[in-house]
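# Summary of structural features
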Amino acid sequence: MPHESGEWTDPNFPSVDQSDRTVPVNLRQTGRPDIKLLISTRARKSPYWHLAIEAGCRRAEVYNRMYLPRGYGPPEGGGSAAEYEALTSRVTLWDIAAARQIQVQGREATEFVNYVVTRDVTRLASMRAAYVVLCDPSGRMVNDPLLLKISPDEYWFSISDSDLSLWLKGVNVGKGFDVRIQEIDVSPVQIQGAEANGLMTDLIGDVATEMPAFGLLEAELAGLPVLVSRTGFSGEAGFEVYLKNSSLYAERMWDAILRAGEKYGLTVTGPIQPHRITSGIIAWGQDVDNEMVPFQVGLAAHIPRNKASDYIGRDALEQMRAEISAGHHPYKLTMVGLRMEGEPIADYLSDFWLVAPSPDAEPVGFVTSASYAPKLQTNVGLARLPVELAVPGTQVYVFAPAGDSTSRSIPAVVSAFPIE
């Protein structure tokens, strides 16, 4: 049983079985320290950073070695609940420049990208976006970025939290594809929410609403050249706007979006947890990392059976698929959704919360993300649990460390995605 401090009373109490991991995840529960985030030159500021501060950003975290705004407005003004209401009822603007853009350009760009991602990009049309997975030779995930196919000779990786550019360059040291790999001065923002279609139509014309999901187009916004994709990280209608030469023109575009958004009640926010979690959208470094394989996190559909050419990790992934088909999972923990009882979770978790099959049992898994979902009127979460417990309707118990919740043992039910 957990001690009041959140520590387990028995020093020999076993931790979660992570024997299928090479580097155990840090499950130590230390609580929320009363410290300030150090702003220094070690992490880079986005070209929108000062504009986010002006808009009321009150907290941030480091993502891709950049500062990523994660919350606006004080709790007394509604905090995260007000941001959720803005997303679901109006429209929101996010600074997501931390999703750095890595350009792969050259005569063999398609061949190179097709070798490092699991899906077949030769079937992806130009001016289209796609969610992709990169794996190492053992089948463990390296990153899960958004891929923008500008042309067969040019691709952009809009990366999750990792040094993907170093991986790409390292791969090419040995392979020697005729490509150039570099980060470019392009910084995205997201426009997400119920009124996103109307705002984007005002900004770039009717072509916005004609875009299909994962569509991509060149446009001008406030006279500036941008790429726009019909994508997002919210579960609501949305777009991502990629500003070229963003170090020069960030203020001009940001201000234009704010002015156009006034009639829609636009609110500047950061990524909003409840919709992401209920939709089953995983966050790199939080829900998934490079110790996991795609099959553990519901990404089997992104591992094609009939891709014509080879790719990194193919042999290992096909071996895993065969084992799974035979009923032998090559891993112990898998990603699930949870509906959790208890007081509303009002903030990001400062620790992974441990999960057990009963209130007095040993922990067997852990919650990676959690939030209160106003639409469902309950707490929701993403968790890694043993395969045998990953069945919708299974009852489990979540242990929240001291300082994160007044409840120690929280009843929860395993859910499929999306969480309903």
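Labelled according to an unreviewed UniProt entry, the protein chain appears under the name Aminomethyl transferase family protein, originating from Streptomyces zingiberis.

Moving on, we get to the overall build of the protein chain. Along its length, the protein chain carries nine helices and 21 strands. Computed over its C-alpha atoms, the radius of gyration of the protein chain comes to 22 Å, within 12% of the 22 Å expected for a compact globule of 420 residues. A principal-axis box enclosing the C-alpha atoms of the protein chain has dimensions of 65 × 55 × 40 Å. Within the protein chain, contacts between residues at least 6 apart in sequence are counted, and of these 67% link residues at least 24 apart. Of the roughly 18100 Å² of accessible surface on the protein chain, a fraction of 51% belongs to carbon and sulfur atoms. Placing the 37 positive and 51 negative side-chain charges of the protein chain at their respective mean positions leaves the two points 4 Å apart.

Here we take up the UniProt feature "domain: GCVT N-terminal" (unreviewed entry) in the protein chain. Under the UniProt annotation, "domain: GCVT N-terminal" (unreviewed entry) lies at residues 56-304. Its end C-alpha atoms 44 Å apart, residues 56-304 is made of 27% helix and 30% strand.

Let's shift gears to the environment of Glu183. Assignment of secondary structure puts Glu183 in strand β10 (residues 180-183). Sequence separation between Glu183 and Glu341 is 158 residues; the distance between their C-alpha atoms is 44 Å. Leave out the neighbours within four places in its chain, and Glu183 touches Arg44, Arg100, Gln101 and Ile102. Reaching out from Glu183, the side chain makes a polar contact with the side chain of Arg44 at a distance of 2.8 Å. Separated by 3.2 Å, the side chains of Glu183 and Arg100 make a polar contact.

A word on unusual backbone geometry. Residue Pro418 follows Phe417 across a cis peptide bond; omega there is -10°. In this structure, Pro418 sits in the segment after β21 (409-415). A positive phi is found at Arg65, a non-glycine position, where the angle reads about 55°. As for its placement among the helices and strands, Arg65 is situated in the loop between β1 (57-63) and β2 (66-72). Residue classification places Arg65 among the partly exposed positions, given a relative accessible area of 46%. Positive phi is not limited to glycine here, since Asn245 has a value of about 50°.

Attention now moves to the sheet that holds strand β19 (residues 378-386). Strand order in the closed barrel formed by six strands is β16-β19-β18-β17-β20-β21, and the pairing between neighbours is antiparallel. The mean angle between the axes of side-by-side strands here comes to 40°, regardless of whether they run parallel or antiparallel. When strand β17 (residues 353-356) meets strand β18 (residues 365-373), the two strands line up antiparallel, connected through three bridges. Note that in β18 the partner of Val355 across the bridge is Gly365.

Across soluble globular proteins, nonpolar side chains have a tendency to be buried as a group. Ranked by size, the top nonpolar core spans 39 residues in total, and within it Ile191, Val228 and Met253 carry the most contacts. For Met253, the residues in contact, after removing those within four places along its chain, are Tyr48, Val189, Leu221, Leu224, Val226, Val241 and Leu243. By size, the runner-up hydrophobic cluster in this structure holds 25 residues, among which are Val113, Val117, Val121 and Leu124.

Our next topic: the pairing of β21. For strand β16 (residues 333-340) and β21, the ladder comprises four bridges, and the chain directions are antiparallel. Note that in β21 the partner of Leu338 across the bridge is Val414. Sheet analysis places strand β20 (residues 395-399) next to β21, joined by five bridges and oriented antiparallel. For Gln395, the partnering residue across the bridge sits in β21 and is Val413.

Looking now at the packing of helix α3 (residues 109-116) against helix α4 (residues 164-175). Between α3 and α4, the shortest axis-to-axis distance is 11 Å and the interhelical angle comes to 110°. In terms of axis orientation, α3 runs roughly perpendicular to α4. With respect to the hand of their crossing, α3 and α4 are arranged in right-handed fashion. Between α3 and α4, the residues in contact are Phe112, Tyr115 and Val116 and Leu168, Val171, Asn172 and Lys175, respectively. Residues belonging to the contact of α3 with α4 are distributed by class as follows: five nonpolar, one polar and one charged.

Residues Leu37, Ile39 and Val62 make up a contiguous nonpolar surface patch of roughly 230 Å² in combined accessible area. Along the polypeptide, Ile39 turns up in the segment before α1 (49-54).

With that settled, the discussion passes to the pattern of salt bridges. Scanning the entire structure with this criterion turns up 14 salt bridges. For Asp347, the salt bridge goes to Arg59, with nearest N and O atoms at 2.3 Å. Pair noted here: Asp347 is in the loop between β16 and β17 and Arg59 is in strand β1, with a separation of 288 residues, a long-range link. As a salt-bridge pair, Asp202 and Lys263 come within 3.2 Å of each other at their nearest N and O atoms. Pair noted here: Asp202 is in helix α5 (residues 196-204) and Lys263 is in the loop between α7 (246-261) and β15 (267-268), with a separation of 61 residues, a long-range link. Taking the relative accessible area as the measure of exposure, Lys263 reaches 63% and is therefore exposed.

One open sheet accounts for six strands, arranged β12-β13-β14-β11-β3-β15; its pairing is mixed. Across the chains shown, the open sheet's two edge strands, defined by having one partner strand only, are β12 (216-221) and β15. The sheet contact formed by strand β3 (residues 92-95) and β15 spans two bridges and is parallel. When the sheet's bridge partners are listed, Leu93 is paired in β15 with Val268. α5 rests against β11 (186-192), β12, β13 (224-229) and β14 (238-244) of the sheet, and its axis sits at about 60° to β12.

Criteria and thresholds
Residues numbered from 1 in each chain as written. Predicted model: local features only at pLDDT ≥ 70, side-chain atom pairs only at ≥ 80, totals over all residues. Heavy atoms only, no water. Helix = DSSP H or I, 4+ residues; strand = E, 2+ residues; numbered from the N terminus. Rg over C-alpha atoms; globule rule 2.2 N^0.38 Å. Contact = heavy atoms within 4.5 Å. Areas by Shrake-Rupley, 256 points an atom, 1.4 Å probe, with all protein chains shown as cover. Lys, Arg positive; Asp, Glu negative; His and termini not counted. Charge placed at Lys NZ, Arg CZ, Asp CG, Glu CD. UniProt positions renumbered as here; feature names shortened; annotations may be inferred. Polar contact = N/O pair within 3.5 Å; in protein donor to acceptor, adjacent residues only side chain to side chain. Buried < 20%, exposed > 50% of the residue type's maximum accessible area, 1.4 Å probe, protein only. Pairing = 2+ DSSP bridges. Axes fitted to C-alpha atoms, helices over the stretch in contact; angles between N-to-C directions. Core = buried A, V, L, I, M, F, W, Y, C linked by side-chain atoms within 4.5 Å. Parallel < 35°, antiparallel > 145°, perpendicular 65-115°, else oblique. Left-handed = near helix turned anticlockwise from the far one by under 90°. Nonpolar A, V, L, I, M, F, W, Y, C, P; charged D, E, K, R; others polar. Patch = residues over 30% accessible without salt bridge, like charges linked within 9 Å, V, L, I, M, F, W, Y side chains within 5 Å. Salt bridge = Lys/Arg side-chain N within 4 Å of Asp/Glu carboxyl O.

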